[in-house]
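# An overview of the molecular structure
Here is what each chain is made of, one letter per residue.
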Amino acid sequence: ERLSEDLPDKTVADIKSQLRRSELQSLEQVPGTQSDARVDIHVSIDDMLSTADFFPPVAGGRRIEIDDVERLLGERNIVYGINWDVLRDVVFRCNTEGITIESVVVAEGKKPVPRTPDHILVNRRLTEPPPVSEPGSGKVEHKERSPFVLVEDGELLAKRIAPDKGESGWTIYGRELPAPRRAIPMLIPGKNTREDGDGIFAARAGRFVLEGRTFSVTPVLEITGDVDYSTGHLDFDGDIIIHGDVHDGFNIKATGSVHCERTLSAAQVECGGDLIINRGIIGRQKGEVRVGGQVRCKYIEHCYVEAKGMITAHVGMMNSVVRTNDRFETGARGIIVGGKLFAQNGVSATQIGTSMGPATEIYCGVDHTVLSRLEWVRDRNMELATRLGEVRNRLKSPGTATAKLRALEKQLTAAVRKLNAASITLVGHLDKNEEASVTVRDTIYPNTYVEICHISFVVGRIMRATAFKLDRAKGKIVSAPLR
């Protein structure tokens, strides 16, 4: 009735005062206020996980029981993956220790296991990058690292995996989740692979290549750029194609041929086939090249080059040691300046030597591999002879003629005899081509040494358009103008 009428100011003030007192009283915490234990349940957005927060009773309030938790879960329709052992432990601790326990995993769903078709799984070693260093070494040898995966003949490349039906999953609400189908690329074995049972193996040694859906073993290793720290040393059972340069200090070894489209610098190269360099070979007094076939390049500088086949250097050779069991030839303007050249079947160049350049030595008609062995025998023989002399001098001294020294003398003497016999045998195979010749299309300068089958000739004046040949009957080298 009072509120239905116009209230006087005093009545309005009384009402406001009562409201303020009521609000202030509601803020007062009365010690010992009783409250029951409670459980707050949460569910993840994907219905696969349920967690709960447990709050203990206060001041003699009602404790939570496991039946209460079961009722709450039932009210939320949570029926799958409930961990009752955990719940019993948490309820006991919450009631007895009087502590709040939060984020307890109450129930977990089960994720479905995908269905997988039959497929091919590649060996992990072939697809994972190699370690950058040996464990515990603390050192990384970048030249030894390589991005190319090389395999041995018979190495396991991949396995065929049988199909898997998968398994359904479940949400915490008991809803079934059908097993999905896993999308797996269907790989196809390619060249130089063979199958045996459920395994797929390399049919030859080479480089493992995985391109698109096909994997194979290729006998050709192709380097699109330079041979440097990005590739490391190369050691390959097959042919190697290099589109860039070979940088200083990097080694190349191939059972097949090597083709470099640019320059080969101060490298160690060994190949069983041909070596083709579109530019040149720059050894910097450190490079060594050994080739089982032919060598074709623009120039050879300050390098050791050895080949069983013909060597063609279009621009020429400078201050190098070059050995071939065939011929050495240059292009129309090619020159040979300085160094030593061993060519079993002869030499053809436009110019040999220069007016002010270093001495140039050319040896023809001999097998350079036999010559190298003879040089090795000579060096070892000199070492043994020196050692034998030392032993014999000690035997002459009074009181030193022990049985051990006499046995050593006998061994050294036998070794020297064996080396001498080997030397005689090798000499018989040394001279291979008495028809070998040295042909100069333009000029050969003084200070050039020419030797054919151990018969020597020293050029004492400038000679032009000349061919040097061996006259065995006269026992000397003769020169004749080119027609």
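In this text the structure is predicted, and so the values were computed from the model without any measurement.

Broken down by element type, the protein chain carries six helices and 35 strands. Relative to a compact globule of 483 residues, whose C-alpha radius of gyration would be 23 Å, the protein chain shows 45 Å and is clearly more extended. Taken over the C-alpha atoms alone, the protein chain extends approximately 155 × 75 × 60 Å along its principal axes. Contacts in the protein chain between residues at least 24 apart in sequence constitute 42% of all its contacts with a sequence separation of at least 6. Carbon and sulfur atoms make up 50% of the accessible area of the protein chain, which totals about 27,900 Å². If you average the places of the 65 positive and of the 66 negative side-chain charges in the protein chain, the two averages end up 13 Å apart.

Grouped together as the largest cluster of nonpolar side chains are 55 residues, with contacts concentrated most on Ile242, Leu275, Ile281, Ile300 and Phe328. The dominant element in this core, judged by the number of residues it contributes, is strand β26 (residues 311-324), at four residues. Look past the residues within four positions of isoleucine 242 in its chain and what remains in contact with it is Ile223, Gly225, Val227, Leu234, Ile252, Val258, His259, Cys260 and Glu261.

Along its 29 residues, helix α5 (residues 368-396) runs 42 Å from first to last C-alpha, staying within 8% of the 42 Å computed at 1.5 Å per residue. Turning to α5, its buried residues number three or more, namely His368, Val370, Leu371, Leu374, Val377, Asn381, Leu388, Val391 and Leu395. Looking at the buried residues of α5, the elements they touch are β25 (304-307), β26, β28 (335-343) and α6 (403-428).

In this section: the packing of helix α2 (residues 66-75) against helix α3 (residues 84-97). The interhelical angle for the contact between α2 and α3, taken along N-to-C directions, is 130°, at an axis separation of 10 Å. By the angle between their axes, α2 is oblique relative to α3. Handedness of the crossing formed by α2 with α3: right-handed. Here Ile66, Val69, Glu70 and Leu73 of α2 come into contact with α3, specifically with Trp84, Leu87, Arg88 and Val91. The residue inventory of the contact of α2 with α3, partitioned by class, reads six nonpolar, no polar and two charged.

Alternating residues of strand β16 (residues 239-242) divide into Ile240 and Ile242, all buried, and Asp239 and Ile241, none buried. Pairing analysis gives four bridges linking strand β14 (residues 220-223) to β16, with the strands arranged parallel. In the sheet register, glutamate 222 faces β16, and the bridge partner there is isoleucine 241. Here three bridges tie β16 to strand β18 (residues 258-260), and the two strands are oriented parallel to one another. Counterpart to isoleucine 242 in the pairing with β18 is cysteine 260.

Turning next to the packing of α5 against α6. The relative placement of two packed helices comes down to the angle between their axes together with the axis-to-axis distance. Running from amino to carboxyl end, α5 crosses α6 at an angle of 155°, the nearest separation of the two axes being 9 Å. When the axes of α5 and α6 are compared, the pair comes out roughly antiparallel. You can see that α5 and α6 cross each other, and the crossing is left-handed. Split into classes, the residues belonging to the contact of α5 with α6 amount to 17 nonpolar, four polar and seven charged.

Read from one edge to the other, the open sheet built from four strands follows the order β4-β6-β11-β10, with strand pairing classed as antiparallel. Bordering the open sheet on either side are β4 (119-122) and β10 (193-196), each of which pairs with just one other strand. The mean angle between the axes of side-by-side strands here comes to 25°, regardless of whether they run parallel or antiparallel. One ladder, built from four bridges, connects β10 with strand β11 (residues 199-202); its direction is antiparallel. By the bridge assignment for β11, glutamate 195 is matched with isoleucine 200.

Right, let's get into α6. Helical periodicity: at 3.6 residues per turn, an α-helix aligns residues three or four positions apart in one direction. In this model, α6 (26 residues) spans 38 Å end to end at C-alpha, consistent with the 38 Å of a helix rising 1.5 Å per residue. Buried residues of α6: Leu405, Leu412, Thr413, Val416, Leu419 and Leu426, and no others. Where α6 is buried, its residues touch α5.

Strand order across the open sheet formed by three strands is β1-β2-β3, with antiparallel pairing between neighbours. At either margin of the open sheet sits one strand with a lone partner, and together these are β1 (38-43) and β3 (101-108). Going from strand to strand, the sheet's axes swing by 25° on average, the running direction of each strand aside. As defined by bridge partners, strand β2 (residues 49-55) adjoins β3 across five bridges and the pair is classed as antiparallel. Bridge pairing in β3 links leucine 49 to glutamate 108. Against the sheet, α2 contacts β1, β2 and β3, and its axis sits at roughly 35° relative to β1. Helix-sheet contacts for α3 involve β2 and β3, and the interaxial angle to β3 is about 160°.

Here the focus is the environment of proline 481. Position of proline 481 among the secondary structure elements: in strand β35 (residues 476-481). We classify proline 481 as exposed; its relative accessible area is 66%. Distance from proline 481 to phenylalanine 468, taken between C-alpha atoms, is 9.0 Å for residues 13 residues apart in sequence. The residues contacting proline 481, other than those within four sequence positions of it, are Ala465 and Thr466.

Calculation notes
Residues numbered from 1 in each chain as written. Predicted model: local features only at pLDDT ≥ 70, side-chain atom pairs only at ≥ 80, totals over all residues. Heavy atoms only, no water. Helix = DSSP H or I, 4+ residues; strand = E, 2+ residues; numbered from the N terminus. Rg over C-alpha atoms; globule rule 2.2 N^0.38 Å. Contact = heavy atoms within 4.5 Å. Areas by Shrake-Rupley, 256 points an atom, 1.4 Å probe, with all protein chains shown as cover. Lys, Arg positive; Asp, Glu negative; His and termini not counted. Charge placed at Lys NZ, Arg CZ, Asp CG, Glu CD. Core = buried A, V, L, I, M, F, W, Y, C linked by side-chain atoms within 4.5 Å. Buried < 20%, exposed > 50% of the residue type's maximum accessible area, 1.4 Å probe, protein only. Expected span 1.5 Å × (residues − 1). Axes fitted to C-alpha atoms, helices over the stretch in contact; angles between N-to-C directions. Parallel < 35°, antiparallel > 145°, perpendicular 65-115°, else oblique. Left-handed = near helix turned anticlockwise from the far one by under 90°. Nonpolar A, V, L, I, M, F, W, Y, C, P; charged D, E, K, R; others polar. Pairing = 2+ DSSP bridges.

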